[in-house]
Amino acid sequence: MNNAHKPSETVDRAGIASRLDRPLVLVGLMGVGKTSIGRRLAGALGRDFVDADEEIEKAADRSVSEIFEEHGEAYFRDGERRVIARLMEEGHGVIATGGGAFVDPETRALVLERGVAVWLDCDLDTLVERTSRRNTRPLLKTGDPREILFNLKEQRGPAYAEAQIHVVTGDGPHDAAVNRILEELAAWL
């Protein structure tokens with residue numbers, strides 16, 4: 001049996017959780033696994049999980065795609081920043097953000113000051129495959145998804161690089177990514 005799928009025995013999850021006094025805020029491009037990995041990470045730390053895009057949709061009573069179409073990206077980013085600030089103030093343990101949230105300078109400053117930003121990253125082929133599973137990504141509706149994702153990865157990389165933690169998720173199991181995050185957190189705390 002492959003041990004890569006088993007939880008790491010060397011990471012003191014309870015110790016990490018007890019030392020963590022701020023929310024973990026997952027950032028990175030669409031398709032890197034922020035929501036899927038975030039749920040598992042929250043469970044591993046005994047914390048709650050919240051998805052910022054889902055909270056935005058609840059607050060606006062419409063989908064992210066509809067907000068983009070009706071009001072544009074600038075309007076969306078402003079609302080997104082307010083929702084992320086509220087989620088952080090409410091003390092949620094793990095927060096998954098939309099792909100562009102951390103690129104916004106005000107949102108990035110807020111997250112870096114009041115949380116621990118965890119940049120989830122993966123290769124372009126994995127991103128293209130994962131994002132092709134759903135037709136709800138407004139930024140991918142305007143052209144070739146591979147080209148758009150490549151450009152977004154190039155443009156957003158410097159902003160994402162400001163995150164306190166950087167983990168490459170790859171196409172392996174999410175539990176392996178959770179273990180890598182926990183190992184990086186243990187070293188960072």
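Residues numbered from 1 in each chain as written. Predicted model: local features only at pLDDT ≥ 70, side-chain atom pairs only at ≥ 80, totals over all residues. Heavy atoms only, no water.

Peer 1: Help me understand the pairing of strand E1 (residues 24–27) in this model?
Peer 2: In summary, the side chains of a regular strand alternate between the two faces of the sheet. What you see with E1 is no split at all: Leu 24 and Leu 26 on one side and Val 25 and Val 27 on the other are buried throughout. Pairing of E1 with strand E3 (residues 94–96) involves 3 bridges; the strand directions are parallel. By the bridge assignment, Leu 24 is partnered in E3 with Val 94. Note: E1 against strand E4 (residues 116–121), 4 bridges, orientation parallel. (Buried < 20%, exposed > 50% of the residue type's maximum accessible area, 1.4 Å probe, protein only. Helix = DSSP H or I, 4+ residues; strand = E, 2+ residues; numbered from the N terminus. Pairing = 2+ DSSP bridges.)

Peer 1: Just to check I follow, could you spell out the nonpolar core for this structure?
Peer 2: A general tendency of soluble globular proteins is for nonpolar side chains to be buried together. Ranked by internal contacts, the top residues of the largest apolar core, which has 58 residues, are Leu 24, Leu 41, Leu 45, Leu 120, Ile 181, Leu 182 and Leu 185. Here this core gets 6 residues from one element, more than from any other, and that element is helix H5 (residues 73–89). (Core = buried A, V, L, I, M, F, W, Y, C linked by side-chain atoms within 4.5 Å.)

Peer 1: In this structure, what is going on with the packing of helix H2 (residues 34–45) against helix H9 (residues 174–188)? I would like to understand it.
Peer 2: Helix-helix packing is characterised by the crossing angle of the two axes and by the distance between the axes. Taken N-terminus to C-terminus, the directions of H2 and H9 make an angle of 55 degrees; their axes are 9 Å apart at the nearest point. Of the possible angle classes, the one that applies to H2 and H9 is oblique. Crossing hand, H2 versus H9: right-handed. Facing H2, whose interface residues are Ser 36, Ile 37, Arg 40, Leu 41, Ala 44 and Leu 45, H9 presents His 174, Asp 175, Ala 177, Val 178, Ile 181 and Leu 182. (Axes fitted to C-alpha atoms, helices over the stretch in contact; angles between N-to-C directions. Parallel < 35°, antiparallel > 145°, perpendicular 65-115°, else oblique. Left-handed = near helix turned anticlockwise from the far one by under 90°. Contact = heavy atoms within 4.5 Å.)

Peer 1: Mind showing me how you'd approach a negative patch on the surface here?
Peer 2: On the surface, a cluster of negative charge is contributed by Glu 57, Asp 61, Glu 66 and Glu 69. Assignment of secondary structure puts Glu 69 in helix H4 (residues 64–71). Since its relative accessible area comes to 63%, Glu 69 is described here as exposed. (Patch = residues over 30% accessible without salt bridge, like charges linked within 9 Å, V, L, I, M, F, W, Y side chains within 5 Å. Areas by Shrake-Rupley, 256 points an atom, 1.4 Å probe, with all protein chains shown as cover. Salt bridge = Lys/Arg side-chain N within 4 Å of Asp/Glu carboxyl O. Lys, Arg positive; Asp, Glu negative; His and termini not counted. Charge placed at Lys NZ, Arg CZ, Asp CG, Glu CD.)

Peer 1: Explain the environment of Thr 142 here, please?
Peer 2: Residue placement: Thr 142 occurs in the loop between helix H7 (124–131) and helix H8 (145–160). For Thr 142, a relative accessible area of 68% corresponds to the exposed category. In this structure the C-alpha to C-alpha distance between Thr 142 and Leu 182, which are 40 residues apart in sequence, comes to 37 Å.

Peer 1: Would you take a moment to explain the side chain of Arg 156 for this structure?
Peer 2: Relative to the helices and strands, Arg 156 resides in helix H8. No salt bridge forms around the buried Arg 156; measuring N to O, its nearest opposite-charge neighbour Glu 73 is 4.4 Å away. Contact partners of Arg 156, with chain neighbours within four places excluded, come to Leu 29, Glu 73, Arg 77, Gly 99, Gly 100, Val 103 and Leu 139.

Peer 1: Please explain the pattern of salt bridges as it appears in this structure.
Peer 2: Two side chains that carry opposite charge are able to pair once their charged atoms sit near each other. Across all of its chains, the model carries 17 salt bridges by this definition. Measuring nitrogen to oxygen at the nearest pair gives 2.5 Å for the salt bridge that ties Asp 78 to Arg 82. In this pair, Asp 78 and Arg 82 both sit in helix H5, 4 residues apart, roughly one turn of the helix. Under the relative-accessibility criterion, Arg 82 is labelled exposed at 54%.

Peer 1: Would you mind going over the sheet that holds E4 with me for this structure?
Peer 2: What holds strands together in a sheet is hydrogen bonding between their backbones, with the strands either parallel or antiparallel. Within the open sheet, the 5 strands sit side by side as E2-E3-E1-E4-E5. Their pairing is parallel. Edge positions in the sheet fall to strand E2 (49–51) and strand E5 (165–168), since each of these pairs with one other strand and no more. Each neighbouring strand pair of the sheet contributes to a mean axis angle of 20 degrees, computed without reference to strand direction. Here 4 bridges tie E4 to E5, and the two strands are oriented parallel to one another. Looking at E5, one finds that Leu 120 is bridged to Val 167. In the packing of helix H3 (residues 52–60) onto the sheet, contacts are made with E2 and E3, and the angle to E2 comes to roughly 60 degrees.

Honestly, that's just the spatial picture; any functional story needs more than this.
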